[in-house]
Amino acid sequence: MKKLADSSIVEIEERSEGIVLPVSVDTVCPYCLKQVNFSIKWPNYIDTEVAYARSRCSGCGENPKFMLFDLPMRDGNDDEIGDLYISPAPDIKDVNKDISRIEEFSVGLKKAYSSAINVFNIGEWTATTVLCRRLLEGIMKKLLPDEEQNKSLAKQLEILPKYVELQKPIILLGDAIRKGGNLGAHFDLEKEPDKLTATLMLELLDDLIDYLFILPQRINELRQQIEKMPNSEQADSHLA
Ligand SMILES: [Zn+2]
C-alpha cells in the first residue's frame, strides 16, 4: 500500500452528502510500472472512515485497489480530500527529498538525479547506469577546481581527497553523538535531553553505522556484481 500525493489527483466528484472523491488519478501502475490514468468508480454507499474501489490499468489490464481514509466533508473552503492509497505498492524508487535541499547542487544536477530515478523506474537499466555516471561527473565538477576539470573521472576520484576533507564529516558526527550522550550521563537540570536531541542522536547513530559498516558492504556487493559480468575489465580501461 502506498500513499498517493494530492498532485496525482486529476479530477474529483462531489457527492450530494458532501463527500469529495478522487475519480481520476495519474499514477504508476503497481503491476506494469507504467504511468497511467486510473478512472475510479467508488461505490454508491461511502463509509467516511474508509472507502475502497478497484480500477483497471489501461496498460496491462490488472486491477489495483484504491483506498481512501478519513474522508473530510466539503464545507465551504475546505476542498481537501482524504488520504488516498494504492495497493499493492508499486516497487519503484522514490526521489530522495533531501537532494532538493542541497544548495550546492545546481538545477542541472537535481534534474540528472531525478532522470536517473525515472529511467530506473521504467526498467531502463543501461540508461540508469549512464545517468549515475553522469551524476558522478557532475558532482566531481562541483567539488574540484577549474584546473582539474579536464582530467578523467578515475583521476578526479583519485585526487578528490586533496580538495575535500573526506574524514571530517564522520569525525564531527561521532563527536556530536558523544556530546549528546554526555547530556544524559551528567545530571544537569539546565541541560536535560529532550525528544528532538534524542531523535537527532538516534538518526545520526544510524548514519554512523551506515557509513562504517553498511556502506562498505554495499560497495563490495556492487564491485562483486560488476566483476561477475564478462568483459568488465575491458569496459573499465575503455572508459576511465
Ligand atoms: Zn498496469
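Residues numbered from 1 in each chain as written. Predicted model: local features only at pLDDT ≥ 70, side-chain atom pairs only at ≥ 80, totals over all residues. Heavy atoms only, no water.

1. Things to note about the packing of helix α2 (residues 125-143) against helix α3 (residues 153-163)
Okay, so step 1: Contact geometry of α2 with α3 gives a least axis separation of 11 Å together with a crossing angle of 40°. The element α2 and its partner α3 pack so that their crossing is left-handed. Residues Arg133, Leu136, Glu137, Met140 and Leu143 of α2 lie in contact with α3, whose contacting residues are Leu153, Gln156, Leu157, Leu160 and Tyr163.
Okay, so step 2: Broken down by class, the residue content of the contact of α2 with α3 amounts to 7 nonpolar, 1 polar and 2 charged. (Axes fitted to C-alpha atoms, helices over the stretch in contact; angles between N-to-C directions. Helix = DSSP H or I, 4+ residues; strand = E, 2+ residues; numbered from the N terminus. Left-handed = near helix turned anticlockwise from the far one by under 90°. Contact = heavy atoms within 4.5 Å. Nonpolar A, V, L, I, M, F, W, Y, C, P; charged D, E, K, R; others polar.)

2. So, the coordination of the zinc ion
Okay, so step 1: Protein coordination of the zinc ion is provided by Cys29 (SG), Cys32 (SG), Cys57 (SG) and Cys60 (SG), with donor distances spanning 2.3 Å.
Okay, so step 2: Coordination geometry of the zinc ion: the 4 donor atoms subtend angles of 104 to 114° at the metal centre, consistent with an arrangement described as tetrahedral.
Okay, so step 3: Donor residues for the zinc ion, ordered by position in the chain, follow C-x2-C-x24-C-x2-C. On the criterion of sequence distance, the pair formed by Cys29 in the loop between β3 (20-28) and β4 (35-39) and Cys57 in the loop between β5 (50-54) and β6 (65-69) is long-range, its members being 28 residues apart. Accessibility classification places Cys29 together with Cys57 in one group, the buried group. (Donors = N, O, S within 2.8 Å, 3.2 Å for Na, K, Ca; no water. Tetrahedral: all angles 85-135°; square planar, octahedral: opposite > 155°, others 65-115°. Buried < 20%, exposed > 50% of the residue type's maximum accessible area, 1.4 Å probe, protein only.)

3. Some details on the pattern of salt bridges
Okay, so step 1: For the structure on display, the rule yields 10 salt bridges.
Okay, so step 2: For the salt bridge of Asp94 with Lys2, the shortest nitrogen-to-oxygen distance reads 3.5 Å. On the criterion of sequence distance, the pair formed by Asp94 in the loop between β7 (83-87) and α1 (107-121) and Lys2 in strand β1 (residues 2-3) is long-range, its members being 92 residues apart.
Okay, so step 3: Under the relative-accessibility criterion, Asp94 is labelled partly exposed at 48%. (Salt bridge = Lys/Arg side-chain N within 4 Å of Asp/Glu carboxyl O.)

4. Thoughts on α1
Okay, so step 1: Between the first and last C-alpha of α1 there are 21 Å, a value that for 15 residues agrees with the 21 Å anticipated at 1.5 Å per step.
Okay, so step 2: Regarding α1, the residues found buried are Leu109, Ala112, Tyr113, Ala116, Ile117, Val119 and Asn121.
Okay, so step 3: Turning to α1, the residues buried within the fold contact α2. (Expected span 1.5 Å × (residues − 1).)

5. Comments concerning unusual backbone geometry
Okay, so step 1: Cis geometry is found at the peptide bond from Ser87 to Pro88, where omega equals -5°.
Okay, so step 2: Within the secondary structure, Pro88 sits in the loop between β7 and α1.
Okay, so step 3: With a phi angle near 60°, Leu33 is a residue other than glycine that sits in the positive phi range.
Okay, so step 4: Topologically, Leu33 is positioned in the loop between β3 and β4.

6. What about the packing of aromatic side chains?
Okay, so step 1: Applying the stated criterion across every chain yields a total of 3 aromatic pairs.
Okay, so step 2: Here the guanidinium or amino end of Lys65 rests over the ring plane of Tyr52, the centre of that ring lying 4.8 Å away. (Phe/Tyr/Trp six-rings, centres within 6.5 Å; stacked < 30°, edge-to-face > 60°. Lys NZ or Arg CZ within 6 Å of the ring centre and 35° of its normal.)

Function-wise, these values are silent; they only describe arrangement.
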